[in-house]
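Single-letter residue listing:
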Amino acid sequence: MRAYGGISIVNAIPCWLGSSAAVDLKIKVSIEETRERDPSESRLVKEILDFFEKRWNIPHVKVKVESDVPSRSGLKSSSAVSVALIHELYSKFSIENYLSPPKLSAILSIKAGVSYTGALDDAAASYYGGISFTDNKYLKILKMSNPPKDVVVMILPRGDRPNVDLNKLKQFSSSFAGIFELAKRSIFDAMRINGTLIAEILGYDKTPINEAIKRGAIAAGISGNGPSYFALSKEGEEGPIYDSLKKFGEPILTRFVELEGDNQTI
Ligand SMILES: Nc1ncnc2c1ncn2[C@@H]1O[C@H](COP(=O)(O)OP(=O)(O)O)[C@@H](O)[C@H]1O
Ligand SMILES: O=C(O)C1=C[C@@H](OP(=O)(O)O)[C@@H](O)[C@H](O)C1
């Protein structure tokens, strides 16, 4: 199955409420039965396979991941790998009537130590497309909606995230609860405030954000816990913003992904 990378609207770490938007960067996961598991599996893949073997006694599988999304960058690669792998395992071994892939991904991501809240916001957008609003504490998908149209998404990918100080983020829980409320009315305003505040709290350079906004970006900021940046523009107006990001690296041009038909039953 292929799932999507994404960018943050509201980071869920400070107050457990999160919102994420799927973007057209794809992660494809395929599996095949094998005699022996791959000893170099990532922590996340290992946790998921261990869980399926223990609970449903499935045979060993080898996992192949093809990804456009850098890992540990704030672009939701872990959620995408996780939901796509869970989906593949459910379908190959005809496992039904269990938690949806985003919900099981949230539980196993915490166990694997790749997520703090389970990142259900990221997992839901990655799996269903569109925009998610979730309560990660209670494992609830509150709403999925379609993204705004005619928007260009520019991403400045950065890898190798330094360790994130959770306590610093948690000190801002009431501000982020407010940003989550705002996101229900205006995702652009929420993304801009979330993205700038995360940069400020975690100590990332705000110059790429400020330059993009000065050149007319609808929103710009840090995605997830960083270090990747994003900026949004109306279609046809991306030139100056792209040029401003280019001073800091190799920006990727992409777009939001609509909610997908098959997956809309949440
Ligand atoms: N291509 C991949 N193949 C296997 N595991 C991956 C891959 N990408 C991410 N992961 C898993 O997800 C973890 C990184 O997740 P995370 O730091 O949350 O990144 P992001 O912010 O991009 O989602 C890795 O440590 C690894 O366990
Ligand atoms: O670990 C977590 O629970 C989360 C990590 C962040 O994403 P990244 O992993 O992309 O930084 C954040 O945006 C998300 O809402 C929750």
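Figured I'd write up the structure that's included with this text. If you're wondering where the values come from, they're calculated on a predicted model, not measured in any experiment.

## A word on the nonpolar core
Move 1: Residues Ile 7, Ile 9, Phe 52, Leu 89, Met 191, Leu 232 and Phe 256 are the most contacted members of the largest nonpolar core, which totals 82 residues.
Move 2: By residue number, the principal contributor to this core is helix H2 (residues 77-92), which donates eight residues.
Move 3: Mapped onto the domain boundaries, this core takes at least three residues apiece from domain 1 (2-145) and domain 2 (151-254).

## Quick notes on the site of ligand 2
Move 1: Around ligand 2, a shell composed of 16 residues is seen, among which Ala 12, Tyr 116, Thr 117, Asp 121 and Asn 225 lie nearest.
Move 2: Within the side chain of Lys 76, a nitrogen or oxygen atom sits 2.9 Å from an oxygen atom of ligand 2.
Move 3: Between Asn 225 and ligand 2, the recorded distance is 2.9 Å, taken from a backbone N or O atom to an oxygen atom.
Move 4: When ligand 2 sits alone it has 390 Å² of accessible area, and the protein chains cover 96% of it.
Move 5: Both domains that meet at the shell around ligand 2, namely domain 1 (2-145) and domain 2 (151-254), each give it at least three residues.

## A word on unusual backbone geometry
Move 1: For the peptide bond that leads from Gly 226 to Pro 227, omega is 0°, which places it in the cis range.
Move 2: Residue position: Pro 227 is located in the loop between strand E7 (219-222) and strand E8 (229-234).
Move 3: One non-glycine residue, Lys 76, lies in positive phi territory at about 75°.
Move 4: Position of Lys 76 relative to the elements: it lies in the loop between strand E3 (61-67) and H2.
Move 5: At Asn 97, a position not held by glycine, the phi torsion is positive, near 55°.

## A look at helix H6 (residues 173-185)
Turn by turn, an α-helix covers 3.6 residues, leaving residues three or four places apart pointing in a common direction.
Move 1: A rise of 1.5 Å per residue sets the reference length of H6, with its 13 residues, at 18 Å; its end C-alpha atoms lie 19 Å apart and thus fit the reference within 8%.
Move 2: Within H6 the residues assigned to the buried category are Phe 176, Ile 179, Phe 180, Leu 182 and Ala 183. In a view along the axis of H6, the buried residues occupy a sector of 165°, so they form one face of it. Of the residues in H6, the exposed ones pointing more than 90 degrees away from the buried face are Ser 174 and Arg 185.

## Side note on the packing of helix H1 (residues 43-56) against H2
Move 1: At a minimum axis distance of 10 Å, the contact between H1 and H2 shows a crossing angle of 25°. It follows that H1 is roughly parallel to H2 by the angle criterion. When you trace H1 past H2, the crossing you get is right-handed. Facing Leu 44, Val 45, Ile 48, Leu 49, Phe 52 and Trp 56 of H1, the residues of H2 in contact are Ser 78, Val 81, Ser 82, Leu 85, Ile 86, Leu 89 and Tyr 90.

## Quick look at the site of ligand 1
Move 1: If you check the shell around ligand 1, you find 16 residues, and the closest are Ser 42, Gly 74, Ser 77, Ser 78 and Arg 161.
Move 2: Separating a nitrogen atom of ligand 1 from a side-chain N or O atom of Ser 42 is a distance of 2.9 Å.
Move 3: Here an oxygen atom of ligand 1 and a side-chain polar atom of Ser 78 are 3.0 Å apart.
Move 4: Elements represented by at least two residues in the shell around ligand 1 include exactly H1 and H2.
Move 5: Broken down by element, the shell around ligand 1 gets its largest block of residues, three residues, from H2.

Reading guide: rules and limits
- The residue count restarts for each chain, going from 1 along the sequence in the order it is written.
- Lettering of chains starts at A and numbering of ligands starts at 1, both following the order in which they are written.
- This being a predicted model, a pLDDT of at least 70 is required before a residue's local features are given, and a value of 80 or more before pairs of side-chain atoms are given or counted; all residues contribute to the totals for chains, interfaces and linings.
- Calculated side-chain values reflect all of the structure's heavy atoms, with hydrogen atoms and water omitted.
- By nonpolar core is meant a set of buried Ala, Val, Leu, Ile, Met, Phe, Trp, Tyr and Cys residues that side-chain atoms within 4.5 Å join together.
- The rule is simple: take the accessible area with a 1.4 Å probe, protein chains only, and divide by the maximum for that residue type; under 20% is buried, over 50% is exposed, in between is partly exposed.
- Secondary structure follows DSSP: runs of H or I at least 4 residues long count as helices, runs of E at least 2 residues long count as strands, and numbering of each begins at the N terminus.
- Domain start and stop points were drawn from an automatic or database domain assignment.
- A molecule or strand has a residue near it when one of that residue's heavy atoms lies within 4 Å.
- Side-chain atoms alone can form a polar contact between residues adjacent in sequence; in general such a contact is a pair of N or O atoms within 3.5 Å, and within protein one must be able to donate a hydrogen while the other accepts it.
- Here, Shrake-Rupley sampling with a 1.4 Å probe gives the accessible areas, and only protein chains in the shown set may cover a residue.
- The length a helix should cover is 1.5 Å for every residue beyond the first.
- Each direction from the helix axis to a C-beta atom contributes to the arc, which is the arc of those directions.
- Structural elements are reduced to axes, namely lines fitted to C-alpha atoms, with helices fitted over the stretch in contact, and the angle between N-to-C directions of any two is expressed from 0 to 180 degrees.
- Each angle receives one of four descriptions, namely roughly parallel if under 35 degrees, roughly antiparallel if over 145, roughly perpendicular if within 65 to 115, and oblique otherwise.
- We call a crossing left-handed when the near helix sits turned anticlockwise from the far one by less than a right angle, and right-handed when that turn is clockwise.
- Contacts were defined at the residue level, with two residues in contact if any of their heavy atoms lie within 4.5 Å.

From the geometry alone we can't say anything about function, so treat these as descriptive.
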